[in-house]
Amino acid sequence: EFIDSYYFNQAEYIRFNSTVGKYVGYTEHGVKNAETWNKGSVLAQELGELERFCKPNADLHYSNVL
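Residues numbered from 1 in each chain as written. Predicted model: local features only at pLDDT ≥ 70, side-chain atom pairs only at ≥ 80, totals over all residues. Heavy atoms only, no water.

As for the environment of Asp 59
1) Next: Looking at where Asp 59 falls in the secondary structure, it is placed in helix H2 (residues 41-65).
2) Next: The spatial distance from the C-alpha of Asp 59 to the C-alpha of Thr 36 is 33 Å, given a sequence separation of 23 residues. (Helix = DSSP H or I, 4+ residues; strand = E, 2+ residues; numbered from the N terminus.)

Right, here's the structure in full:
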């Protein structure tokens, strides 16, 4: 599971979660940004990073944790 969180003043306002597959906002500002980011190229870029880096290296990192 890949999580990319954004904070402002020590409060999380938006998060990308690979299980959900999109950005989720936790504040009024975060919800507005999540809607915009999910419609544009930002989501495609995040999903591309998931395919490029996370999935090929998941087994390597998992075995190191164990």
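Brief notes about the nonpolar core
1) Next: Ranked by size, the top nonpolar core spans 7 residues in total: Tyr 13, Ile 14, Phe 16, Tyr 23, Ala 34, Trp 37 and Leu 43.
2) Next: At the level of elements, strand E2 (11-17) and helix H1 (28-39) are the ones that each hand at least two residues to this core.
3) Next: Of the residues forming this core, the biggest block, 3 residues, is contributed by E2. (Core = buried A, V, L, I, M, F, W, Y, C linked by side-chain atoms within 4.5 Å. Buried < 20%, exposed > 50% of the residue type's maximum accessible area, 1.4 Å probe, protein only.)

Some details on the environment of Ile 14
1) Next: With respect to the helices and strands, the residue Ile 14 is situated in strand E2.
2) Next: With 10 residues separating them along the chain, Ile 14 and Val 24 place their C-alpha atoms 5.7 Å apart.
3) Next: Those residues in contact with Ile 14, other than ones at most four positions away along the chain, are Asp 4, Ser 5, Tyr 6, Tyr 23, Val 24, Gly 25, Tyr 26, Gly 30, Asn 33, Ala 34 and Trp 37. (Contact = heavy atoms within 4.5 Å.)

A word on the UniProt feature "domain: MHC class II beta chain N-terminal" (unreviewed entry) in the protein chain
1) Next: Sites flagged by UniProt as "domain: MHC class II beta chain N-terminal" (unreviewed entry) map to residues 1-62.
2) Next: Strand forms 27% of residues 1-62 and helix 55%; the C-alpha atoms that close the span are 11 Å apart. (UniProt positions renumbered as here; feature names shortened; annotations may be inferred.)

A word on the pairing of strand E1 (residues 3-8)
1) Next: Alignment of E1 against E2, held across 6 bridges, turns out to be antiparallel. Residue Asp 4 lies in a different strand from E2, and its bridge partner there is Phe 16.
2) Next: In sequence, E1 turns back onto E2 through a hairpin of 2 residues, with Asn 9 there showing a positive phi of about 55 degrees. (Pairing = 2+ DSSP bridges.)

Brief notes about the sheet that holds E1
1) Next: Strand order in the open sheet formed by 3 strands is E1-E2-E3, with antiparallel pairing between adjacent strands. Only two strands of the sheet have a single neighbouring strand rather than two, namely E1 and strand E3 (22-25). Strand-to-strand, the axes of this sheet are offset by a mean angle of 20 degrees, without reference to chain direction.
2) Next: Along the sheet, H1 contacts E1, E2 and E3; its crossing angle with E3, the most-contacted strand, is approximately 165 degrees. (Axes fitted to C-alpha atoms, helices over the stretch in contact; angles between N-to-C directions.)

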